[in-house]
Every structure is written in structure tokens, then in C-alpha cells.
Amino acid sequence: QVQLVESGGGLVQTGGSLRLSCVASGSIFSFTVMGWYRQAPGKARELVAAMHSGGITNYADSVKGRFTISRDNAKNTVYLQMNSLSPEDTAVYYCSLGTYLTGSPRYWGQGTQVTVSS
């Protein structure tokens with residue numbers, strides 16, 4: 001079975017930075033895309049960034065230029081470096097694992113809370 005474990009969330013002031021990490025384990029060899037989604041209170045879950053094992057990425061327009069997704073395939077780990085954070089970034093961030101950059105993920109982590117104070 002597959003497990004995704006996120007870490008790195010927390011409380012940060014406006015303009016600050018956080019780095020999220022997610023480690024995947026289990027039978028994951030057939031799934032090539034790892035990514036990050038987020039869900040704010042009262043809003044739908046939305047894509048933040050996703051990355052194929054070959055290096056192709058997909059970002060939400062709202063985070064382009066501020067967030068960077070990266071991964072270490074050897075460690076089955078994906079990262080999200082978040083800079084210039086604003087209160088609008090406050091959400092639960094979920095790690096994901098799937099097959100396609102533009103498709104729905106198959107597996108989800110439990111989520112990690114990111115709170116940006118104004």
C-alpha cells in the first residue's frame with residue numbers, strides 16, 4: 001500500500017518562507033507524478049504544483065514566481081519551496097501521487113497546515 005507523509009507546515013508571517021516535504025513509500029513505481037494541492041476553509045481543493053519524474057512541471061497561476069516544486073526521485077520525495085507568503089496562501093496543503101500532470105491524483109497525504117499571519 002502507498003503512503004504519503006507531509007512535513008514542514010507551520011505558522012509564518014506575511015512575506016516569509018516555508019519548505020514542505022513529502023515522502024512516498026509503498027508500491028509507487030507505476031505512478032510518475034507527485035504534486036501539491038491546497039484547500040482553504042470554505043474553498044475547493046486546488047492544484048498548487050505538480051511535477052513529473054522526467055522534470056516537467058505545472059503550477060497554479062497564483063503561485064508562479066513564488067513557489068518552486070522539486071523532487072528527489074531516488075528518495076521518493078517531493079518538495080515545495082514557498083516564498084513571499086501572504087494570508088491568501090493559508091490552507092491545508094496535501095501531497096499527491098498520480099499518473100498525469102493534468103489528471104486527478106490517485107493517492108493523497110494527510111495534509112499539513114500552513115498559516116500565514118497578516
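Details of the structure are given in the entry above.
Everything numeric in this text was worked out from a predicted model, so none of it was measured.

*Asks:* Outline the environment of Tyr-59, listing residues and values.
*Replies:* Looking at the secondary structure, you find Tyr-59 in strand S6 (residues 57-59). In sequence terms Tyr-59 and Ala-40 are 19 residues apart; their C-alpha atoms lie 17 Å from each other. For Tyr-59, the residues in contact, after removing those within four places along its chain, are Val-48, Ala-49, Lys-64, Phe-67, Thr-68 and Ile-69. A polar atom in the side chain of Tyr-59 sits 2.8 Å from the backbone nitrogen of Ile-69.

*Asks:* Quick one: what's the story with the sheet that holds strand S3 (residues 18-25), residue by residue and with numbers?
*Replies:* Ordered by their spatial adjacency, four strands build an open sheet running S1-S3-S8-S7, and the pairing between neighbours is antiparallel. Both edges of this open sheet fall to strand S1 (3-7) and strand S7 (67-72), since each of them pairs with a single strand only. When strand polarity is set aside, the average angle formed by the axes of neighbouring strands in this sheet is 15°. In terms of strand pairing, S1 meets S3 through five bridges, oriented antiparallel. Looking at S3, one finds that Leu-4 is bridged to Ala-24.

Cut-off values and rules
- Residues numbered from 1 in each chain as written.
- Predicted model: local features only at pLDDT ≥ 70, side-chain atom pairs only at ≥ 80, totals over all residues.
- Heavy atoms only, no water.
- Helix = DSSP H or I, 4+ residues; strand = E, 2+ residues; numbered from the N terminus.
- Contact = heavy atoms within 4.5 Å.
- Polar contact = N/O pair within 3.5 Å; in protein donor to acceptor, adjacent residues only side chain to side chain.
- Pairing = 2+ DSSP bridges.
- Axes fitted to C-alpha atoms, helices over the stretch in contact; angles between N-to-C directions.

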